[in-house]
Amino acid sequence: MLRNASDSWGAPAKLFHWVMAALILAQIALGLMAANWRLSPTKIELFFWHKSTGMLILALVALRLLWRLANPTPLLPPGMAAWERAAARLSHLLLYALMIALPVTGWIVNSASNVPFRIFWLIPLPAIVAPDEPTADLVAWVHGGLAALLALVLVAHIGAALRHHFVKRDTVLERMLPGAWRAP
Ligand code: HEM
Ligand code: HEM
């Protein structure tokens, strides 16, 4: 079961979802730790992992979106109200937008601060804007704000998944879990 169907996610879509969910939750913690650590080699190391993981997330979301376009997206269960469908669509769109906007703004901060950097020691990260301190400060602020927005949307997203499972008792959470799943 590689491809998605109208009632279920295929294995690649599930793998993308859960690998990226783990990376993004770790990435929020890493960003907070790196930004707040006292100036020391550990702080530099935390930023190394934060920036490398962030660029990995950007590459993965590009592949994930291609895979999403090449497949049908499972339909939401028939019993859902119009506002619930709209909230699901809007929050998923926001999550995809944030998975792109966060790495891109981080990349801009790194470029504007003129810090040379190799992703996972290997790939030199090219600058996408000229070195400029006010730009770095402003975009760092935007980056932090977007991360806070991401955390908020994720609280709603995870809450909604639990509500589907425990309150509405539909299949929305189960069909995203690893392993084969069949429509009842
Ligand atoms: C850790 C707890 C999480 C749970 C329980 C969870 C649960 C789910 C479930 C059940 C779906 C399927 C919705 C459907 O079938 O229509 C889904 C979709 C989605 N999740 Fe999560 N999720 C979690 C974390 C995350 C994280 C950290 C992200 C990262 C931003 C994320 C991004 C998404 C996106 C973008 C979709 C929409 C997929 C699409 O339509 O292509 N999720 N999630
Ligand atoms: C999904 C991807 C990302 C997430 C969720 C994320 C999240 C965060 C968070 C939560 C902070 C702490 C904000 C604060 O305390 O003010 C932060 C700071 C930072 N991040 Fe990211 N980040 C991501 C990607 C990146 C990437 C790809 C880079 C660079 C290539 C990057 C560079 C930075 C920098 C330089 C800071 C410190 C900003 C400052 O000086 O306040 N981030 N990030």
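Considerations on the coordination of the iron atom of ligand 1
So, step 1. Bound to the iron atom of ligand 1 are the protein donor atoms His17 (NE2) and His157 (NE2), situated 2.0 Å from the metal.
So, step 2. For the iron atom of ligand 1, the six donor atoms in the first shell make angles of 87 to 180° at the metal, a pattern classed as octahedral. Here His17, found in helix H1 (residues 11-36), pairs with His157, found in helix H4 (residues 133-166); they are 140 residues apart in sequence, far enough to count as distant.
So, step 3. The exposure class assigned to His17 is buried, which follows from its relative accessible area of 14%.
So, step 4. With a relative accessible area of 23%, His157 lands in the partly exposed category.

Some details on the site of ligand 2
So, step 1. Of all residues adjacent to ligand 2, which total 21 residues, the nearest are Gln27, Phe47, His50, Gly106 and His143.
So, step 2. Within the side chain of His50, an N or O atom sits 2.8 Å from a nitrogen atom of ligand 2.
So, step 3. At six residues, the largest contribution of residues to the shell around ligand 2 is made by helix H2 (residues 41-69).

Re the pattern of salt bridges
So, step 1. Taken as a whole, this structure holds two salt bridges when the rule is applied.
So, step 2. The partner of Glu84 in a salt bridge is Arg163, and the shortest N-O contact between them spans 3.0 Å. With Glu84 in helix H3 (residues 82-112) and Arg163 in helix H4, this residue pair connects regions lying 79 residues apart in the sequence.
So, step 3. Across the pair Glu84 and Lys168 runs a salt bridge whose closest N-O atoms are separated by 2.9 Å. Highlighted residues: Glu84 in helix H3 and Lys168 in the segment after H4, separated in sequence by 84 residues.
So, step 4. Classification of Lys168 as partly exposed rests on a relative accessible area of 30%.
So, step 5. Within this structure, Glu84, Arg163 and Lys168 form a network of salt bridges that share partners.

Regarding a nonpolar patch on the surface
So, step 1. On the surface, a cluster of nonpolar side chains totalling about 480 Å² of accessible area is made up of Trp49, Trp121, Leu122 and Ile123.
So, step 2. Mapped onto the secondary structure, Leu122 falls in the loop between strand S1 (118-119) and strand S2 (123-124).
So, step 3. On the basis of relative accessible area, Leu122 is assigned to the exposed category, the value being 61%.

Section: the site of ligand 1
So, step 1. Taken together, 20 residues are adjacent to ligand 1, and His17, Arg68, Tyr96, His157 and Arg175 come closest.
So, step 2. Note that an oxygen atom of ligand 1 is positioned 2.9 Å from one of the side-chain N or O atoms of Trp9.
So, step 3. Between His17 and ligand 1, the recorded distance is 2.8 Å, taken from a side-chain N or O atom to a nitrogen atom.
So, step 4. For the shell around ligand 1, the secondary structure elements donating two or more residues are H1, H2, H3 and H4.
So, step 5. Among the residues making up the shell around ligand 1, the classes are represented as 14 nonpolar, three polar and three charged.

Details of the nonpolar core
So, step 1. Among the nonpolar cores identified, the biggest contains 23 residues, and Met20, Ile24 and Leu150 are the most heavily contacted of them.
So, step 2. For this core, the elements supplying multiple residues, two or more each, are H1, H2, H3 and H4.
So, step 3. Those residues in contact with Met20 that lie beyond four places of it in its chain are Leu15, Ile57, Leu60, Val61, Arg64 and Met99.

Procedures and definitions
- Residues numbered from 1 in each chain as written.
- Chains lettered and ligands numbered in written order.
- Predicted model: local features only at pLDDT ≥ 70, side-chain atom pairs only at ≥ 80, totals over all residues.
- Heavy atoms only, no water.
- Donors = N, O, S within 2.8 Å, 3.2 Å for Na, K, Ca; no water.
- Tetrahedral: all angles 85-135°; square planar, octahedral: opposite > 155°, others 65-115°.
- Helix = DSSP H or I, 4+ residues; strand = E, 2+ residues; numbered from the N terminus.
- Buried < 20%, exposed > 50% of the residue type's maximum accessible area, 1.4 Å probe, protein only.
- Near = heavy atom within 4 Å.
- Polar contact = N/O pair within 3.5 Å; in protein donor to acceptor, adjacent residues only side chain to side chain.
- Salt bridge = Lys/Arg side-chain N within 4 Å of Asp/Glu carboxyl O.
- Patch = residues over 30% accessible without salt bridge, like charges linked within 9 Å, V, L, I, M, F, W, Y side chains within 5 Å.
- Areas by Shrake-Rupley, 256 points an atom, 1.4 Å probe, with all protein chains shown as cover.
- Nonpolar A, V, L, I, M, F, W, Y, C, P; charged D, E, K, R; others polar.
- Core = buried A, V, L, I, M, F, W, Y, C linked by side-chain atoms within 4.5 Å.
- Contact = heavy atoms within 4.5 Å.

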